[in-house]
Amino acid sequence: MATFLYKLGRLSFRRRHFVALIWIALLTLAGVGAASAPAAGETSFSIPGTEAQKTFDLLEQRFPGSAADGGTARVVFKAPDGEKMTDAENKATVEKTVEELGSGAEVASVTDPFTTNAVNEDGTVAYASVKYKVPGMELEDSSRDALKEAAAEARDTGLTVEVGGDALQAAAEAGIGEVIGIAVAAIVLVITLGSIVAAGLPLLTAIIGVGIGIATITALASTLDLGSTTSTLASMIGLAVGIDYALFIVSRYRSELADGREREEAAGRAVGTAGSAVVFAGLTVIIALAGLSVVNIPMLTKMGVAAAGTVAVAVVVALTMVPALLGYAGRKVSPAGEKSKLLGKGKGNSAQPDSAQVNSGQNKATQQTGAADKPNMGTRWARFVLRRPVAVLVVGVLGLGAIALPASQLQLGLPDDGSQPTSTTQRRAYDLLSEGFGPGFNGPLMVVLDAKDSGDPKAAATTVSDEIKGIKGVQGVTPATFNQAGDTAMITVTTDSKPASTETEDIVHAIRGKAAGIKADTDAQVLVTGTTAVNIDVSQKMNDALIPYLGLVVGLAFLLLILVFRSILVPLKAALGFLLSVLAALGAVVAVFQWGWLASLIGVDETGPIMSMMPIFLVGVVFGLAMDYEVFLVTRMREAYVHGERPGEAVVTGFKYGARVVSAAAVIMIAVFAGFITSSESMVKMMGFGLAIAVLFDAFVVRMVIVPAVLALLGEKAWWLPKWVDRVLPNVDIEGEGLRTEADRLKKDDEDNEDKELVHA
């Protein structure tokens with residue numbers, strides 16, 4: 001592989017005009033496709049194989065035209081102190097509001113609280129339910145404005161009026177933190193690479209790659225039913241890895257220049273060595289993201305595949321566009337050890353011609369002597385760890401273990417109006433309903449009776465209602481509502497506990513537990529759905545899929561890392577280190593978003609259950625990113641070990657050349673992910689925080705602390721591989737051993753071509 005990538009790097013450097021035109025054409029094509037594509041509607045959410053989804057599908061068949069996926073709103077009224085909602089003036093205000101709401105073109109139905117018993121027992125709180133013909137995200141602005149105006153007019157009469165439901169749901173807004181994240185990345189790149197030009201290359205290539213990925217997602221959004229969250233997460237991950245991958249290649253290019261190589265040769269070697277690490281690191285990320293499809297939740301699958309596609313584009317851009325831009329940059333990208341005028345005089349003279357750099361052995365020797373006299377921070381840290389491996393290992397493991405403890409209290413759920421900030425009308429409506437009708441009223445259970453095979457559907461409905469009323473924690477059961485055919489009924493069940501509580505979950509399981517007995521007695525099937533039941537089913541589906549997903553992703557990546565490192569213990573160490581990182585990240589997420597620790601610092605107004613798909617998505621992304629740093633750092637150690645250094649020396653060499661760049665890459669990735677914390681979308685905010693903290697733990701604790709300590713303790717055993725496995729595995733040559741022969745051959749070909757030109761001349 002190294003030889004192929006070496007040739008690709010040289011070709012891209014030499015044919016840079018052609019390579020640049022190809023990528024510009026692809027970006028333009030994707031942009032035109034995005035601009036001409038129809039606008040995407042609201043993303044559908046389904047969870048195949050669950051009872052809640054089967055019930056929803058049944059309702060679509062048995063209750064046609066009910067606009068089951070239409071937007072909803074609950075207009076909640078509360079009378080002033082000392083008054084009742086049934087007072088003549090207050091009642092007239094509510095009836096006028098209901099009449100105004102019903103006149104909307106997109107409104108399917110509006111309920112009058114005085115005819116549907118939607119007034120609480122003491123008469124102080126009432127609500128009107130509004131059903132729309134289209135999903136909440138697809139409502140016209142005029143419909144939302146009419147809803148707000150009707151509530152405002154009622155509020156002017158002295159009533160407390162709040163609006164809940166998804167009709168007022170707005171599209172997620174990106175925060176300015178994303179721009180700040182990119183700005184921080186730019187500063188880190190300038191410091192790391194020593195010049196604005198060199199720093200601009202990773203940013204430019206990452207933006208091109210993400211631009212192609214996001215434009216493609218936008219172009220296919222309507223066809224493939226992709227939501228805004230899909231493109232946001234794809235851009236988050238694509239931008240971070242795109243910058244990092246380009247950074248590693250540019251850094252290796254500068255190191256090759258410092259060794260005295262011509263620029264085209266340096267570009268080829270950079271792509272052949274660092275590019276090999278980029279390929280395998282990208283493959284681990286792609287495997288982790290695409291592997292999310294095993295959960296069998298379409299929305300999660302689409303998010304994973306879209307992000308994986310963006311990462312794949314980032315890898316190809318890094319391998320081709322980066323060497324092409326290095327060709328354009330010329331001497332503006334200086335060898336490692338030299339700095340531009342922007343950061344100081346530095347070593348050597350960046351204006352020195354390439355030929356002089358190559359032939360100046362004295363300058364090279366001076367640089368090497370200076371580097372030996374003044375070891376960098378990575379070298380000093382590696383030597384410190386090698387002297388105290390046990391102590392360093394214990395501190396690292398115990399530290400992450402302590403941070404991971406809150407993960408044992410993880411509670412999963414999906415966001416509802418109760419998770420909104422208290423400043424929003426949706427949250428105030430939620431609180432009013434809880435106050436007036438009980439905490440379970442905001443998350444009623446919908447029990448559906450499929451009585452198609454029953455001889456007496458109405459008697460079966462009565463039996464079901466009686467059985468449910470006997471369950472502990474059930475507050476109310478509405479009379480059964482049958483469809484026109486009379487073979488299917490809906491029963492609404494309210495509980496005395498919050499929708500996201502374990503008590504409500506127990507009630508759902510209790511109702512489902514009685515289904516078999518009711519089926520035997522009445523030949524009717526009992527099913528439970530509704531938002532609360534969907535949350536429970538999603539959480540259960542995530543829990544059931546986590547172990548198979550981990551087995552698939554970790555297993556495939558483990559085999560891939562065996563191929564890369566030609567070792568058993570190094571991949572095993574990488575997998576165990578990842579588990580520490582992800583558990584610590586989940587612990588931090590629970591502490592902030594569920595317990596509320598330091599929540600106000602990142603704009604978390606309300607705490608609550610962690611989003612159901614958050615843990616498994618975090619596991620997938622963090623695993624891919626963790627393997628990135630493992631590959632980038634340890635391949636340099638492997639390269640040194642293969643070239644004859646002792647295990648301890650190889651660790652020091654790996655940190656000498658890789659620690660600075662890996663640290664810079666981690667800071668960049670943390671900055672990019674942290675920028676998404678300012679998003680108004682709760683899942684994006686949570687993912688941004690989780691990924692940023694996970695990268696912090698993995699890069700600076702696991703890879704910089706635990707990895708060298710473990711390798712120091714293992715010694716030669718770290719690179720042990722059974723001989724029969726070594727014979728079976730193909731040699732991918734990620735260390736670039738074959739580049740020496742290839743370089744000699746190409747040099748001879750160049751000399752032969754020069755001789756032929758002289759002869760013709």
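Residues numbered from 1 in each chain as written. Predicted model: local features only at pLDDT ≥ 70, side-chain atom pairs only at ≥ 80, totals over all residues. Heavy atoms only, no water.

Visitor: An account of the overall build of the protein chain is requested, with residue identities and associated values reported.
Guide: Along the backbone of the protein chain there are 25 helices and 11 strands. Each of the 761 residues in the protein chain was classed as buried or not, and the buried ones make up 53%. Considering only intrachain contacts with a sequence separation of at least 6, the fraction spanning at least 24 residues in the protein chain is 78%. (Helix = DSSP H or I, 4+ residues; strand = E, 2+ residues; numbered from the N terminus. Buried < 20%, exposed > 50% of the residue type's maximum accessible area, 1.4 Å probe, protein only. Contact = heavy atoms within 4.5 Å.)

Visitor: Run through the environment of valine 564, naming residues and quoting values.
Guide: Position of valine 564 among the secondary structure elements: in helix α19 (residues 531–565). Sequence spacing of valine 564 and valine 634 is 70 residues, and the spatial spacing of their C-alpha atoms is 9.9 Å.

Visitor: With reference to specific residues and values, describe the pattern of salt bridges.
Guide: Per the counting criterion, the structure on display carries 21 salt bridges. The partner of glutamate 264 in a salt bridge is arginine 10, with the nearest N and O atoms 3.3 Å apart. Of this pair, glutamate 264 sits in helix α9 (residues 263–290) while arginine 10 is found in helix α1 (residues 2–14), placing the two residues 254 residues apart along the sequence. With relative accessibility at 21%, the residue glutamate 264 sits in the partly exposed group. (Salt bridge = Lys/Arg side-chain N within 4 Å of Asp/Glu carboxyl O.)

Visitor: Before we move on, can you summarise the side chain of threonine 495 with the specific residues and values?
Guide: By the secondary structure assignment, threonine 495 is in strand β9 (residues 488–495). For threonine 495, a relative accessible area of 1% gives the class buried. Only 3.1 Å separates the side chain of threonine 495 from the backbone oxygen of serine 497, close enough to count as a polar contact. Discounting chain neighbours no more than four positions away, the residues touching threonine 495 are Gly440, Leu445, Gly473, Val474, Gln475, Thr504 and Ile507. (Polar contact = N/O pair within 3.5 Å; in protein donor to acceptor, adjacent residues only side chain to side chain.)

Visitor: Just give me the short version of the environment of alanine 183, but keep the residues and values in it.
Guide: On the secondary structure map, alanine 183 appears in helix α6 (residues 177–193). Between the C-alpha atom of alanine 183 and that of isoleucine 668, which follows or precedes it by 485 residues, the distance is 9.5 Å.

Visitor: I'd like a rundown of the packing of helix α14 (residues 389–404) against helix α20 (residues 569–594), residues and numbers included.
Guide: At a closest axis distance of 7 Å, the pairing of α14 and α20 adopts a crossing angle of 40°. By the angle between their axes, α14 is oblique relative to α20. Pair α14 / α20 crosses with left-handed handedness. For the pair α14 and α20, the contacting residues are Val397, Leu400, Ile403 and Ala404 in the first and Leu580, Leu583, Ala584, Gly587 and Ala588 in the second. Residue composition of the contact of α14 with α20, by class: 8 nonpolar, 1 polar and no charged. (Axes fitted to C-alpha atoms, helices over the stretch in contact; angles between N-to-C directions. Parallel < 35°, antiparallel > 145°, perpendicular 65-115°, else oblique. Left-handed = near helix turned anticlockwise from the far one by under 90°. Nonpolar A, V, L, I, M, F, W, Y, C, P; charged D, E, K, R; others polar.)

Visitor: Now, about helix α13 (residues 377–387): what can you tell me, with residues and values included?
Guide: Helical geometry: 3.6 residues make up each α-helical turn, so side chains three or four residues apart lie on a common side. Looking only at α13, the buried set comprises Gly378, Thr379, Ala382 and Val385. One side of α13 carries all its buried residues, which in axial view fall inside an arc of 130°. Away from its buried face by more than 90 degrees, α13 exposes Met377 and Arg387. Where α13 is buried, its residues meet α14, α22 (647–675) and α23 (682–714). (Arc of directions from axis to C-beta.)

Visitor: Mind laying out the sheet that holds strand β3 (residues 125–132), listing which residues take part and the relevant values?
Guide: The strand order across the open sheet formed by 4 strands is β2-β3-β1-β4, and the pairing between neighbours is antiparallel. Here the strands that pair on one side only, and so sit at the sheet edges, are β2 (107–110) and β4 (160–164). For this sheet, the mean angle separating the axes of adjacent strands, direction not counted, is 20°. Across 7 bridges, strand β1 (residues 72–78) lies against β3 in antiparallel orientation. Considered in β3, the bridge of valine 75 is made with alanine 128. (Pairing = 2+ DSSP bridges.)

Visitor: Go over a negative patch on the surface with me, naming the residues and quoting the values.
Guide: Together, Asp81, Glu83, Asp87 and Glu89 give the surface a local cluster of negative charge. Its location among the elements puts aspartate 87 in the loop between β1 and α4 (88–101). A residue is classified by how much of its surface remains accessible, and aspartate 87, at 32% relative accessible area, is partly exposed. (Patch = residues over 30% accessible without salt bridge, like charges linked within 9 Å, V, L, I, M, F, W, Y side chains within 5 Å. Areas by Shrake-Rupley, 256 points an atom, 1.4 Å probe, with all protein chains shown as cover. Lys, Arg positive; Asp, Glu negative; His and termini not counted. Charge placed at Lys NZ, Arg CZ, Asp CG, Glu CD.)

Visitor: Before we move on, can you summarise a nonpolar patch on the surface with the specific residues and values?
Guide: A contiguous nonpolar patch, built from Val294, Leu552, Leu556 and Leu559 and spanning about 320 Å² of accessible area, is present on the exposed surface. Take leucine 552: it is sitting in helix α19. Judged by relative accessible area, leucine 552 falls into the partly exposed class, the value being 35%.

Visitor: Go over the packing of aromatic side chains with me, naming the residues and quoting the values.
Guide: The final tally for this structure, using the stated rule, is 10 aromatic pairs. Ring centres 4.7 Å apart and planes at 20° place the aromatic pair phenylalanine 437 and phenylalanine 441 in the stacked group. Of the two residues examined, phenylalanine 437 and phenylalanine 441, each falls in the buried class. Every member of this aromatic cluster is reached through a ring pair, and the members are Tyr127, Phe437 and Phe441. The ring of tyrosine 328 carries arginine 16 above its face, with NZ or CZ at 5.9 Å from the centroid. Note that lysine 91 overlies the ring of phenylalanine 114, its terminal NZ or CZ placed 5.3 Å from the centroid. (Phe/Tyr/Trp six-rings, centres within 6.5 Å; stacked < 30°, edge-to-face > 60°. Lys NZ or Arg CZ within 6 Å of the ring centre and 35° of its normal.)

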